[in-house]
Amino acid sequence: MSDVLDNVKPAAPAKRSGNLLTERVLDVTHYSDKLFGLRTTRTPSLRFQSGQFTMIGLEVDGRPLLRAYSIASAYYDDHLEFLSIKVPDGPLTSRLQHIRVGDDLLVGPKPTGTLLLGNLRPGRRLFLLATGTGFAPFASILRDPETYERFETVIAVEGCRTVAELAYANGVVEALGGHELLGEYVAPQLRYYATTTQEPSRHQGRIPRLMADGTLYRDLDIAPLDRETDRVMICGNPGMLADLTSLLQNSGFDEGNSGTPGDFVIEKAFAQR
């Protein structure tokens, strides 16, 4: 299956600003007053693995202002996709939230990160646990055929404050169901669970609590986490990372990295933007 999607389509050559690429914004979508996404061109020389992040930003006062952002698009797409919060006084996001189609975006040429399938031991179920923009790397992983080759079941969990902020993840999962090449694999293998913390919705509560008290497993009608069969990826706010890391380690799960594959991996690279 994976070799079917192995080639990136040619794109318009990107300009360079020092060692940075300058891509053109193709689309901007505002999901709420706190969350937006953007899509840009992608120079063919930019390669990445599903789950990695890179530096992106804008030129401010003649100098690049950059922050780390996960790449949400698939490794085989001819465009780049990013998801961002809006911070009124954020050095970058206070400017980035006003970006428009046709504007330039600076992009780092060397993606990196720990949320890689290769950093996990083999297993049968893969849990992708995210809050807010932490779903971005999982959008890329969910679009990767290798994910469904390596795991029998993929459980994607997204926690946001409001229903509106779930729109991006909802859209990714819905589109995957109708994907011409992945759809037949996604339908029987992917389970999706969305929860809110500050607004009523079908499921409510923080992900760590929903896992600790068993609510998540009961709602999905699945067995609880089992170190023998399950692998976990986590990306989100610091509180969620700390709580889930503690929960997993107390259950005997070992953290993995590029040198030693483990039972779970987290992304620690993101700071306030």
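Residues numbered from 1 in each chain as written. Predicted model: local features only at pLDDT ≥ 70, side-chain atom pairs only at ≥ 80, totals over all residues. Heavy atoms only, no water.

(A) Structural context of the overall build of the protein. For the protein, the helix and strand inventory stands at 8 helices and 12 strands. Expected size for 273 residues packed as a compact globule is a radius of gyration near 19 Å; at 18 Å, the protein falls within 12% of this value. Oriented by its inertia axes, the alpha-carbon framework of the protein measures out at about 50 × 40 × 35 Å. In the protein, the proportion of contacts linking residues at least 24 apart, taken out of those at least 6 apart, comes to 73%. Accessible surface for the protein amounts to roughly 12,300 Å². Of this, 47% is attributable to carbon and sulfur atoms. (Helix = DSSP H or I, 4+ residues; strand = E, 2+ residues; numbered from the N terminus. Rg over C-alpha atoms; globule rule 2.2 N^0.38 Å. Contact = heavy atoms within 4.5 Å. Areas by Shrake-Rupley, 256 points an atom, 1.4 Å probe, with all protein chains shown as cover.)

(B) Just the nonpolar core, in detail. By size, the foremost hydrophobic cluster in this structure holds 52 residues, and its most contacted members are Leu96, Leu105, Phe135, Leu142, Leu190 and Met233. For Leu142, the contacting residues outside a window of four places in its chain are Leu128, Phe135, Tyr148, Val154, Ala156, Leu176, Leu182 and Leu190. In terms of nonpolar packing, the next biggest core, distinct from the first, is built from 23 residues, Phe127, Ile155, Leu241 and Leu248 among them. (Core = buried A, V, L, I, M, F, W, Y, C linked by side-chain atoms within 4.5 Å. Buried < 20%, exposed > 50% of the residue type's maximum accessible area, 1.4 Å probe, protein only.)

(C) Focus on the packing of aromatic side chains. Enumeration over the complete set of coordinates arrives at 3 aromatic pairs. Between the aromatic rings of Tyr75 and Tyr76, the centroid separation amounts to 5.1 Å while the plane-to-plane angle is 85°, which identifies the pairing as edge-to-face. Across the pair, exposure class does not vary: Tyr75 and Tyr76 are buried alike. Taken together through their ring pairs, the aromatic side chains of Tyr31, Phe135 and Tyr168 make up a single cluster. (Phe/Tyr/Trp six-rings, centres within 6.5 Å; stacked < 30°, edge-to-face > 60°.)

(D) Quick peek at the pairing of strand S5 (residues 63-70). Taken together, the 8 bridges between strand S4 (residues 53-60) and S5 define a ladder with antiparallel strand orientation. Residue pairing for S5: Gly57 is matched across the bridge by Leu66. (Pairing = 2+ DSSP bridges.)

(E) Highlighting the pattern of salt bridges. For the structure shown, the criterion picks out 11 salt bridges. With its nearest N and O atoms 2.6 Å apart, the salt bridge here joins Arg121 to Asp263. One end of the pair, Arg121, is in the loop between strand S7 (104-107) and strand S8 (125-131); the other, Asp263, is in the loop between helix H8 (238-250) and strand S12 (264-266), and 142 residues separate them in sequence. A salt bridge links Asp230 to Arg125, with the shortest nitrogen-to-oxygen separation between them at 2.7 Å. Here Asp230, found in strand S11 (residues 230-235), pairs with Arg125, found in strand S8; they are 105 residues apart in sequence, far enough to count as distant. In this structure Asp230 comes out as buried when scored by relative accessible area, which is 0%. (Salt bridge = Lys/Arg side-chain N within 4 Å of Asp/Glu carboxyl O.)

(F) Region of the structure containing the pairing of S8. With respect to burial, S8 is a largely interior element, 7 of its 7 residues being buried. Neither face of S8 is open: one carries Arg125, Phe127, Leu129 and Thr131, the other Leu126, Leu128 and Ala130, and all of them are buried. Alignment of S8 against strand S9 (residues 153-160), held across 7 bridges, turns out to be parallel. In the strand pairing of S9, Leu126 is matched with Val154. In this sheet, S11 lies alongside S8 in parallel orientation, the contact comprising 6 bridges. Each bridged residue has a counterpart across the sheet, and for Ala130 the counterpart in S11 is Cys235.

(G) Structural context of the sheet that holds S9. Read from one edge to the other, the open sheet built from 5 strands follows the order S10-S9-S8-S11-S12, with strand pairing classed as parallel. The open sheet has two edge strands, strand S10 (190-196) and S12, and neither has a second partner. Mean inter-strand twist for the sheet, computed between neighbouring axes without regard to direction, equals 10°. Relative to S12, S11 runs parallel, the two being bridged by 3 bridges. Paired with Met233 across the strands is Val265, a residue of S12. Contacts from helix H4 (residues 167-177) reach S9 and S10 within the one sheet, and its direction differs from that of S10 by about 165°. Contacting S8, S11 and S12, H8 runs over the sheet at an angle of about 160° to S11. (Axes fitted to C-alpha atoms, helices over the stretch in contact; angles between N-to-C directions.)

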